[in-house]
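# Structure at a glance
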Amino acid sequence: MKHDPANAIFDLKQFGEYGDVNPSITDSATYTFMQAKTMSATFHGETEGCFLYSRHWNPSNKYLADAISAMEGTEEGWVTSSGMGAITNTILHLCKSGDHIVSSMTTYGGTFAFLQNYLPKFNIHTTFVDIADLEAVKKAIQPNTRLIYTESMTNPLLQISDIPQLAEIANTHDIKLVVDNTFTPMIISPAKLGAHVVVYSLTKFVNGKNDCVAGAICGSRDFINSLIDVNDGTAMLLGPVLDPMRSSSILKNLHTLHIRMQQHSRNAAYLATKFKEAGIRVIYPGLAEHPGNSYMKKVMNPDFGFGGMLAIDLVTADKAGRFMELMEMHDVGYLAVSLGYFKTLFSNSGKSTSSEVPEEVQRKMGLSEGLIRYSVGLDHDIERTWKRIEHCLELMEIK
Ligand SMILES: *Cc1c(COP(=O)(O)O)cnc(C)c1O
């Protein structure tokens, strides 16, 4: 039977120590033992169900990690204090000095900056490729390559990664495929398609409330255990631990994710069609002309749509700026970075979330300076929202 991420979360039985249906928050940094030998065994990872210290595991974090890994269909998960914490710890754990990474040229700006500017300090170098060009991916692999890095749906151009093919390339070379699934939770299940490690910024759709920053790492039990090994686990030693109060609130929000994704997708698909009809260049994977459309249909979990992200191209940064100000004034949403919120958010990618990417690379990857990225909200009446957008287009004399 095909993996259904929503059913997998629904079927979890998680309750607190007093039978509380919403698991109680374990607001404690450390844990007491009745027997010294149990503490020693827990330290060495030999006891099930015992907690030692909350940088390693905390019960509230474990509930959330279990729910995220159920959604992904992986053996294990671990939650982090940010998406960047998940990404950087995963990469640092898989690589050592002298290693090499092949990465999609279009990634989240922070990821790009980490690969391009930060890792060379540790003598780890990255080749950036057009991830849709599988021949280029193969050619970029060197004897010291340790991993291929991509996003299921890349930021901000919404390219779709061919995860099964990339996994095959990775397996052939006995290296890891790491996939950031932040834009497409539930819609795409990268681990089920062959990815070895799935990373998330939970800050976005998964939490969906923009009230905190958090991340997650999903993979095999061996990988997660090695990541949090007390002696040499990167996450254990660098310590990007999530606060259990936050884990608890994110877990509650995770239980409505499937309904939210459906509404984000419905609204985004509606706006994409309207922009297209208005003669504006629009990027949305649900449109037939999107280069990843037919491939996405093959690999997606269809119940959740094509996602809440879309982009339009107003050619110049000036125009994009004026249009976004008008939209904010006319209650379309907020001029803000980030995504996955219940209100529509929009930003000019080249000048904001991708500004870490040098302008010449932006041009090379096809990022127009007039690109506006939308994270479409949960609007109840999206036709009304479109009328507001249309009014802004008229004020701009675009329509
Ligand atoms: C936001 C984002 C990140 C970084 O996550 P933080 O929670 O802000 O640290 C990584 N990848 C993608 C695709 C993102 O959108």
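Let me sum up the structure you'll find in this document. This is a predicted model, so every value here is computed, not measured.

### So, the environment of Asp4
Note on placement: Asp4 falls in the segment before helix H1 (5–10). Beyond its immediate chain neighbours, meaning those up to four positions away, Asp4 contacts Asp303 and Phe304.

### A closer look at the pairing of strand S2 (residues 100–104)
Burial runs high along S2: five of the five residues are buried. Pairing of S2 with strand S3 (residues 125–129) involves five bridges; the strand directions are parallel. By the bridge assignment for S3, Val102 is matched with Thr127. For the segment spanning S2, helix H5 (residues 109–118) and S3, crossover handedness is right-handed. Pairing analysis gives four bridges linking S2 to strand S4 (residues 145–151), with the strands arranged parallel. The residue bridging His100 from the neighbouring strand is Thr145, located in S4.

### Re the site of the ligand
Residues in close proximity to the ligand total 15 residues, the closest being Met84, Asp180, Ser201, Thr203 and Lys204. Contact distances for the ligand include 2.9 Å between an oxygen atom and a backbone N or O atom of Gly83. At a separation of 2.7 Å, an oxygen atom of the ligand approaches a polar side-chain atom of Lys204. For the ligand, the accessible surface in isolation is 380 Å², of which the surrounding protein chains cover 93%. Element by element, the count of residues in the shell around the ligand is highest for helix H4 (residues 83–94), at three residues. Residues belonging to the shell around the ligand are distributed by class as follows: seven nonpolar, five polar and three charged.

### So, the sheet that holds S4
A sheet is described by the order of its strands in space; here seven strands give the open sequence S1-S7-S6-S5-S4-S2-S3, paired in mixed fashion. The open sheet has two free edges, formed respectively by strand S1 (76–80) and S3, since each of these has just one partner strand. In this sheet, neighbouring strand axes are inclined to one another by 20 degrees on average, regardless of whether the strands run parallel or antiparallel. Against the sheet, helix H7 (residues 163–172) touches S4 and strand S5 (176–180), its axis set at about 150 degrees to S5.

### Looking at helix H3 (residues 59–72)
Between its terminal C-alpha atoms H3 stretches 20 Å, which fits the 20 Å expected from 14 residues at 1.5 Å a residue. For H3, every residue scored as buried is listed here: Pro59, Ser60, Asn61, Tyr63, Leu64, Ala65, Ala67, Ile68, Ser69, Ala70, Met71 and Glu72. Each element contacted by the buried residues of H3 is listed here: H1, S1, strand S6 (197–201), strand S7 (215–219), helix H10 (244–254) and helix H11 (257–277). One side-chain oxygen of the residue at the start of H3 lies 2.7 Å from the amide nitrogen of Ser60, identifying that residue as Asn58.

### Comments concerning unusual backbone geometry
Glycine aside, the phi torsion of most residues is negative, and most peptide linkages are trans. Along the chain, Asn155 connects to Pro156 via a cis peptide bond; the corresponding omega equals -5 degrees. In this structure, Pro156 sits in the loop between S4 and H7. Phi is positive for Leu158, close to 60 degrees, though the residue is something other than glycine. Residue position: Leu158 is located in the loop between S4 and H7. Its relative accessible area of 0% is what places Leu158 among the buried residues.

### Re the state of the cysteines
Two cysteines form a disulfide when their sulfur atoms are joined by a covalent bond. One pass over the full model with this rule turns up zero disulfides. This cysteine, Cys218, is not joined by any disulfide, and Cys212 carries the nearest cysteine sulfur, 16 Å off.

### Let's talk about the sheet that holds strand S10 (residues 334–335)
Strand order in this open sheet of five strands is S8-S9-S12-S11-S10, and the pairing throughout is mixed. Every interior strand has two partners, whereas the edge strands, strand S8 (281–283) and S10, have only one. Bridge analysis of S10 against strand S11 (residues 345–348) gives two bridges, and the strand direction is parallel. Note that in S11 the partner of Tyr334 across the bridge is Leu345. Sitting on the sheet, H11 is in contact with S8, strand S9 (309–313) and strand S12 (371–375), with an inclination near 15 degrees to S9. Packing of helix H13 (residues 317–329) onto the sheet brings it into contact with S9, S10, S11 and S12, and relative to S11 it is tilted by some 160 degrees.

### A few points about the packing of aromatic side chains
Per the stated rule, a full pass over the model turns up eight aromatic pairs. When the ring of Tyr118 is compared with that of Phe122, the centres are 5.9 Å apart and the planes differ by 50 degrees; the resulting orientation is tilted. A residue is classified by how much of its surface remains accessible, and Tyr118, at 37% relative accessible area, is partly exposed. Summarising the aromatic geometry, the rings of Phe275 and Trp386 are spaced 5.2 Å apart at their centres and angled 85 degrees between planes, so their arrangement reads as edge-to-face. You can see Phe275 sitting in helix H11 and its partner Trp386 sitting in helix H15 (residues 382–395), a full 111 residues away along the chain. By the ring-pair criterion, three or more aromatic residues cluster together here, those being Phe275, Phe346, Tyr374 and Trp386. Over the face of the ring belonging to Trp57 we find Lys62, whose NZ or CZ atom lies 5.1 Å from the ring centre.

### A word on the pattern of salt bridges
Summed over all chains, the structure comprises ten salt bridges. Taking the shortest distance from any N to any O, the salt bridge between Lys62 and Glu76 comes out at 3.2 Å. With a gap of 14 residues between them, Lys62 in helix H3 and Glu76 in strand S1 connect regions that are remote in the sequence. Judged by relative accessible area, which is 9%, Glu76 ranks as buried. Three or more residues joined by partner-sharing salt bridges are found here, namely Lys62, Asp66, Glu76 and Arg221.

About the criteria used
- Residues numbered from 1 in each chain as written.
- Predicted model: local features only at pLDDT ≥ 70, side-chain atom pairs only at ≥ 80, totals over all residues.
- Heavy atoms only, no water.
- Helix = DSSP H or I, 4+ residues; strand = E, 2+ residues; numbered from the N terminus.
- Contact = heavy atoms within 4.5 Å.
- Buried < 20%, exposed > 50% of the residue type's maximum accessible area, 1.4 Å probe, protein only.
- Pairing = 2+ DSSP bridges.
- Right-handed = clockwise from strand over helix to strand, strands pointing away.
- Near = heavy atom within 4 Å.
- Polar contact = N/O pair within 3.5 Å; in protein donor to acceptor, adjacent residues only side chain to side chain.
- Areas by Shrake-Rupley, 256 points an atom, 1.4 Å probe, with all protein chains shown as cover.
- Nonpolar A, V, L, I, M, F, W, Y, C, P; charged D, E, K, R; others polar.
- Axes fitted to C-alpha atoms, helices over the stretch in contact; angles between N-to-C directions.
- Expected span 1.5 Å × (residues − 1).
- Disulfide = S-S within 2.5 Å.
- Phe/Tyr/Trp six-rings, centres within 6.5 Å; stacked < 30°, edge-to-face > 60°.
- Lys NZ or Arg CZ within 6 Å of the ring centre and 35° of its normal.
- Salt bridge = Lys/Arg side-chain N within 4 Å of Asp/Glu carboxyl O.

It is worth stressing that arrangement in space is one thing and function is another; only the former is reported here.
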